[in-house]
Amino acid sequence: DTAVSQTPKYLVTQMGNDKSIKCEQNLGHDTMYWYKQDSKKFLKIMFSYNNKELIINETVPNRFSPKSPDKAHLNLHINSLELGDSAVYFCASSQDRGVYEQYFGPGTRLTVT
Amino acid sequence: AQSVAQPEDQVNVAEGNPLTVKCTYSVSGNPYLFWYVQYPNRGLQFLLKYITGDNLVKGSYGFEAEFNKSQTSFHLKKPSALVSDSALYFCAVRDNTNAGKSTFGDGTTLTVKP
């Protein structure tokens, strides 16, 4: 069984388009995250939700909007895509905040042309 | 503000030799420290963590890490490296505030040669 799943795995789109990435976890965790990994493999947190409440909102363009319909799902919507948005986006979850390790999804490779 | 430094972009070891991947951190208060591994085209996988207690923590795949408060370090070690250990390793620190934000190091690529 896949613990943290993301769809789609690959996303190729043109500048200016709007796209969404979906994430689901079946671990019963309370906290979920979105990370961006750039071409140099640097990993940066973007957002975190705890029980559907936004708790971390890093300096991310407001073209990026997370949505958590329930605590098992955290989606990422991106408006007006730019070339610089090309990256791998990882969803993750943890039992709660603080001492708990994170479980990562397989990633979504977004390519903006 | 919290930060993590992984001073080596690349570590090369021969199979069977011991390996060390270095990590130093800066955080207010008590640190929660983690190591993750990333294989090509995969998500990160948790290896081990230090929260409190014994400074030597053991994790998956024979890895261990030693927490050193005075040197603010949390180096990852393995007594005998395997070719299959070749991957990208990330150290992370998490603050103990309500938000529990994690900051990751820039990663160290470990290459184990036969």
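Caption draft 1: Focus on the pairing of strand S12 (residues 108-113) of chain B. Residues and elements named next belong to chain B. Here S12 shows a clear split, with Thr108, Leu110 and Val112 buried on one side and none of Thr109, Thr111 and Lys113 buried on the other. In terms of strand pairing, strand S2 (residues 10-14) meets S12 through five bridges, oriented parallel. In the sheet register, Val11 faces S12, and the bridge partner there is Leu110. Inspection of the sheet shows strand S10 (residues 87-94) paired to S12 by three bridges, in the antiparallel sense. Looking at the pairing, Ala87 lines up with Leu110 of S12.

Caption draft 2: View of the interface of chain B and chain A. Contacts between the two partners involve 21 residues from chain B and, on the opposite side, 24 residues from chain A. Carbon and sulfur atoms supply 52% of the area that chain B and chain A bury against each other, a total of about 1,900 Å² over both sides. Summed over the shared surface of chain B and chain A, the number is two salt bridges. Here A:Glu58 ties to B:Lys101 by a salt bridge, and the two come within 3.1 Å at their closest N and O atoms. Applying the counting rule to chain B against chain A returns eight residue pairs in polar contact (both at pLDDT 80 or more). A per-element tally of the side of chain B that touches chain A places strand S5 (residues 32-38) of chain B first, with four residues. Considered class by class, the residues forming the side of chain B that touches chain A number 10 nonpolar, six polar and five charged.

The rules we used
Residues numbered from 1 in each chain as written. Chains lettered and ligands numbered in written order. Predicted model: local features only at pLDDT ≥ 70, side-chain atom pairs only at ≥ 80, totals over all residues. Heavy atoms only, no water. Buried < 20%, exposed > 50% of the residue type's maximum accessible area, 1.4 Å probe, protein only. Helix = DSSP H or I, 4+ residues; strand = E, 2+ residues; numbered from the N terminus. Pairing = 2+ DSSP bridges. Contact = heavy atoms within 4.5 Å. Buried area = accessible area lost by both parts, 1.4 Å probe. Salt bridge = Lys/Arg side-chain N within 4 Å of Asp/Glu carboxyl O. Polar contact = N/O pair within 3.5 Å; in protein donor to acceptor, adjacent residues only side chain to side chain. Nonpolar A, V, L, I, M, F, W, Y, C, P; charged D, E, K, R; others polar.

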